[in-house]
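Summary of the model geometry
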Amino acid sequence: MLHKRSSPLSQAEFSPIYVYARTRLCEPAAEWRCNRRDNLVVRRNMRRAGAAYCSAGFTRDTTRGMRFRKRGLVNMTISPREEEEKRLTEVLDVVERRLDKELEVLGERRGDVVDIRREFWDDVRISFADATEMGETWTSIMQQKELLLERERTHRLAFESVERLAKMHDNPYFARIDFAEEGRDTETIYIGRASLVGEDGETFYVYDWRAPVSSLFYDHEPGPAAYETPEGEIRGELELKRQFVIRAGRLKHVFDTDETVGDDILQAVLSEKSDTSMKSIVATIQKEQNRIIRDEKHRLLVVQGAAGSGKTSAALQRVAYLLYRYRDSLTPDQIVLFSPNPVFKGYISRVLPELGEANMRQMTFRELIEARLGRRFQVEDLFSQTEVLSASEGTPEGEARERSVRYKGSDHFFQTVERYFKRLESGGVRFRPLRFRGDTIASADEMAAKFYSVPASEGFGYRAGQLRKWLIERLASWVDAQMDESWVEEAAELADEEEIQRAYVEIRRRGGFHEDAFDDEDRMTQLLMRRAAESAVEPLRKAVKAYRFLDPVATYLELFRSRSLFASCSPDGKLPEGWEWMASRLEETLDRKTIDHEDATPLMYIMEGLEGFRKVEGEIRHLFVDEAQDYSPFQAAYLRRRFPRARMTVLGDFNQAIYAQSQETGGFGGWIRLMPEEDTAVWRLTTSYRSTKQIVEFSKKILRPEEAADIRPFEREGEEPKLVLVRDGAKLADLVSVEIRRLLDVGYGTIGVIAKSAKECGNAAALLKERLPDEVPITYVTGSSALLPRGVSVLPSYLAKGIEFDAVVVWDASAARYGEDRDRKLMYTVCTRALHVLLVYSLGEPSKWLPDSHSFANVR
Ligand SMILES: Nc1ncnc2c1ncn2[C@@H]1O[C@H](COP(=O)(O)OP(=O)(O)OP(=O)(O)O)[C@@H](O)[C@H]1O
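The structure presented is a predicted model; accordingly, all values stated were derived computationally and were not measured.

**Here's the deal with the overall build of the protein chain**
Looking only at helices and strands, the protein chain has 31 helices and 28 strands in total. When the 860 residues of the protein chain are sorted by exposure, 39% land in the buried category. Taking the intrachain contacts of the protein chain between residues at least 6 apart in sequence as the baseline, contacts between residues at least 24 apart amount to 73%.

**A short note on helix H13 (residues 382–391)**
Among all positions in H13, only Leu382, Phe383, Gln385, Thr386 and Ser390 are buried. Seen along its axis, H13 keeps its buried residues to an arc of 160°; they face one direction. Elements that come into contact with the buried residues of H13 comprise helix H14 (396–408) and helix H24 (597–611).

**Considerations on the UniProt feature "binding site: ATP" (unreviewed entry) in the protein chain**
The UniProt entry lists Gly305, Ala306, Ala307, Gly308, Ser309, Gly310, Lys311 and Thr312 under the feature "binding site: ATP" (unreviewed entry), expressed in the numbering used here. Within the secondary structure, glycine 305 sits in strand S11 (residues 300–305). The class for glycine 305 is buried, based on 25 C-beta atoms found within 10 Å. Beyond its immediate stretch of four places on either side in the chain, glycine 305 contacts Gly310, Lys311, Leu651, Asp653, Arg684 and Leu685. Relative to the elements of secondary structure, glycine 310 occurs in the loop between S11 and helix H9 (311–325). Contact partners of glycine 310, with chain neighbours within four places excluded, come to Ile281, Gln289, Gly305, Leu685 and Tyr689.

**Notes on the site of the ligand**
Taken together, 23 residues lie around the ligand, and Thr284, Gly310, Lys311, Thr312 and Ser313 are the ones closest in. Within the residue set of the shell around the ligand, elements represented by two or more residues are helix H7 (263–271) and H9. Of the residues assigned to the shell around the ligand, the class counts are 7 nonpolar, 11 polar and 5 charged. Viewed by domain, the shell around the ligand spans two of them, domain 3 (295–374 + 613–688) and domain 5 (693–855), each represented by three or more residues.

**A few points about the sheet that holds strand S13 (residues 361–363)**
Here we have 6 strands laid out as an open sheet, ordered S13-S12-S18-S19-S11-S20, and parallel in their pairing. Single-partner strands in this sheet number two, and they are S13 and strand S20 (680–685). Here the strands of the sheet are splayed against their neighbours by 15° on average, with no regard to which way each runs. The pairing of strand S12 (residues 335–338) with strand S18 (residues 622–625) spans 4 bridges and is parallel.

**Things to note about unusual backbone geometry**
Residues other than glycine predominantly adopt negative phi, and peptide bonds predominantly adopt the trans conformation. The backbone phi angle of lysine 593 is positive, close to 60°, even though this residue is not glycine. Note on placement: lysine 593 falls in the loop between helix H23 (579–591) and strand S17 (594–595).

**Concerning the sheet that holds strand S24 (residues 750–755)**
If you trace the 6 strands from one edge of the open sheet to the other, you get S23-S28-S27-S24-S26-S25, paired in parallel fashion. The open sheet has two free edges, formed respectively by strand S23 (722–726) and strand S25 (778–780), since each of these has just one partner strand. In this sheet, neighbouring strand axes are inclined to one another by 20° on average, regardless of whether the strands run parallel or antiparallel. Sheet topology note: the S23/strand S28 (residues 834–843) ladder contains 5 bridges and is parallel. Paired with valine 726 across the bridge in S28 is leucine 843. Strand contacts of helix H30 (residues 758–771): S24, S25 and strand S26 (791–796), with the helix running at about 155° to S26, the strand carrying the most contacts. Packing of helix H31 (residues 823–831) onto the sheet brings it into contact with S24, strand S27 (805–810) and S28, and relative to S27 it is tilted by some 140°.

**Some points on the packing of helix H16 (residues 444–453) against helix H17 (residues 459–481)**
Running from amino to carboxyl end, H16 crosses H17 at an angle of 130°, the nearest separation of the two axes being 8 Å. With respect to H17, the element H16 is oriented oblique. For H16 against H17, the interelement crossing comes out right-handed. When H16 is examined against H17, the residues Met447, Lys450 and Phe451 are found in contact with a partner set consisting of Arg463, Leu467 and Trp470. For the contact of H16 with H17, the residue count by class is 4 nonpolar, no polar and 2 charged.

**A few points about the packing of helix H29 (residues 729–746) against H30**
Where H29 contacts H30, the two axes come as close as 9 Å, and the packing angle between them is 60°. Accordingly, the angle class assigned to the pair H29 and H30 is oblique. Handedness of the H29/H30 crossing: right-handed. Residues Gly729, Ala733, Asp734, Val736 and Ser737 of H29 pack against Leu767, Leu768 and Arg771 of H30. Its residues assigned to classes, the contact of H29 with H30 comprises 4 nonpolar, 2 polar and 2 charged.

**What to know about the confidence of the model for the protein chain**
Summarising the model, the protein chain shows a mean pLDDT of 82, and 83% of its residues fall at 70 or more. By mean pLDDT, strand S1 (residues 18–20) is the weakest element of the protein chain at 27, and S18 is the strongest at 96. Every residue in residues 1–76 is under pLDDT 50, and counting partners more than four places away or in other chains gives 104 contacts. Interface scoring of the predicted complex returns ipTM 0.99; its pTM is 0.80.

Analysis parameters
- Residues numbered from 1 in each chain as written.
- Predicted model: local features only at pLDDT ≥ 70, side-chain atom pairs only at ≥ 80, totals over all residues.
- Helix = DSSP H or I, 4+ residues; strand = E, 2+ residues; numbered from the N terminus.
- Buried ≥ 20, exposed ≤ 12 C-beta atoms within 10 Å, placed from the backbone.
- Contact = placed C-beta atoms within 7 Å.
- Arc of directions from axis to C-beta.
- UniProt positions renumbered as here; feature names shortened; annotations may be inferred.
- Near = placed C-beta within 6 Å.
- Nonpolar A, V, L, I, M, F, W, Y, C, P; charged D, E, K, R; others polar.
- Domains from an automatic or database assignment.
- Pairing = 2+ DSSP bridges.
- Axes fitted to C-alpha atoms, helices over the stretch in contact; angles between N-to-C directions.
- Parallel < 35°, antiparallel > 145°, perpendicular 65-115°, else oblique.
- Left-handed = near helix turned anticlockwise from the far one by under 90°.
- pLDDT = per-residue confidence, 0-100.

Structure below.
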């Protein structure tokens, strides 16, 4: 067992030739720096231990700090493996003892909670005799409740602690470094998913991978090395770097490595079969990924990374890192991650709990749109838009729609709307008159006059707020003026028993209904009339409170009603091609109370802009956006304003910009300008870890040479992608089902059959189900599916974003399906989903985007 000690060591403990005295004594190294007293204690202990070792026949190896060599035993060796096995046993011992203790605590806490719940009412003093007694009863209930909450919290903490220790018992650490800080002795540091500290609070058996010192492991190979701490840089020599594979508490492999993170381990990890949920990469984080994970300097991090280069993985590790680094001030619910779709959301949801952290909030942009516009309109989603475009490909209508989608996702349109906004500061905002039963309480003109009477420098939000206040007052005085109207009298006559009773109590409270009162009846009538009038206008009041007097829809529509207005706002003074089509389409969809996906964010942007982004989520401190290349400039700007205090980590790959809305901006334009240059860092990840070398080389050829120039495969060998030309759908299904059986037999657990559109997927799934036995699970994945199942998933190309499969079958990669320019990136995205096997089938002439299309196997 490892612990701090000052007594001389027994002879039995001297079996190894190299005795790492510092391993036994210097674990609390991190504490040294913070606490001078501890520093002295540790150093004194080391000197004592040194003396003990020397008197027991060891000489000090001066070249290696406090390392001792037994005199006369030079040839007796202990292998690193034996040494590490011994150490592992000792650490597991500590974990076990801690686990026993925590289990005991957990049992006690659970007992407490059960007891309090059972005896809750016994321990509460209840009396409603008078106001004082009622007050005391209330206090007593509250005290009991607080007690219960407190015990539940400690029970939860004990439970989490047990969980963490149980995981630690399985795999307590994955690396060791020996580091000699300048002017100090060498320290041995073991690194794991969480730290393990001795009961004395000083002995560090394992350091958390997120501790500053742990970055030495990720960033350096043996030799001169340095790491950052909040107090400054610490330099020294990295003497040893060792990696472990420990499973179920057993040491499987030990590697000493000269590389930043050893290729052997990475090879082994990447060759593993994939799962239905994402894995943590904590043991093999690469240097360039570590830089992203630990960047604290910049408010905006933009990461452009090749497919499979670990963007999502790095983002999730970064979440865990931030939660650790700012554990006193940052909670998981202050972090939001935007995922591309619900399937992806489910796919990554288990990574962080595996790291021992509570989960951050996950959202899709679609959810924001639904929350804002969903009640009043039927809003098309991105996937339906993609399907519609795909189905109408080649038709004049389809082309016009695609032009519109591209344009509305462009920078030109964003600039136009921004300039339009500037104009709105001095006039042009549309208002909805406040009317009640044909009476105009406040006209649109009056509202405009009021709105524009507040100086523009105050901003839209303040102006809208002032107008709202004025309207509420206007409404109240209008109600006053209505008291003689017959409709009020009629409404009051319809008052029910309960309302009458309430009015009676109210009048009594104000001193009515006693012997001197003479006008009680009048007062009752007046009160009932006021109540009736107020409740009649209540919906109107609520609408005013919710800013419904602003008319963002008409304000947006105006831009497409006036050619001159649009042209004067556009940065080059021109109307885009197809402007008339866009204008009539907008008019027509809004009439139907529907909104095309491409109009949803601009509309929301104008809506919230006019209200001054009043629903800002200021408590959110970190925003992560995955697949950021698919966001239009409007979406980027919207998120920035909606989450104004958040630092942003934005990850994407412009080679995977598959939606028409992001084709014009090519990915990151909208993001990079969100914050000042000095607050922004742009990182690139170039090595692709997901796929075998053969698959990466194949997929690179789908891209243009300049797009693929930066992509490097990780050297993992596999089979060449297979290209097969087939005659018809039935033959295609026959061949694919044979391959699926083969792949399942070899042990691949996740197979993705990816077709371009949802319609083809329905067809493919039906054909495959006919041909495969029932025990082969085939799941048709749709836009609302929340989980990726094991077995065979049949899914449309756009839903495959961000996820991966052991084997990918491209269902019909023909020129007819992937013939357009934008299909190139889609094809690249689909092929890069494969870890080990890629099979590409084409019904007829293969797409020109496929490399080596001449090497397709003959028609089968
Ligand atoms: N450092 C690493 N160690 C081990 N595995 C890694 C590492 N980095 C990435 N991977 C693996 O590579 C695969 C791809 O990672 P990830 O999904 O994070 O990449 P991505 O850049 O987000 O991909 P894409 O843009 O194609 O969706 C995953 O299986 C992940 O576990």
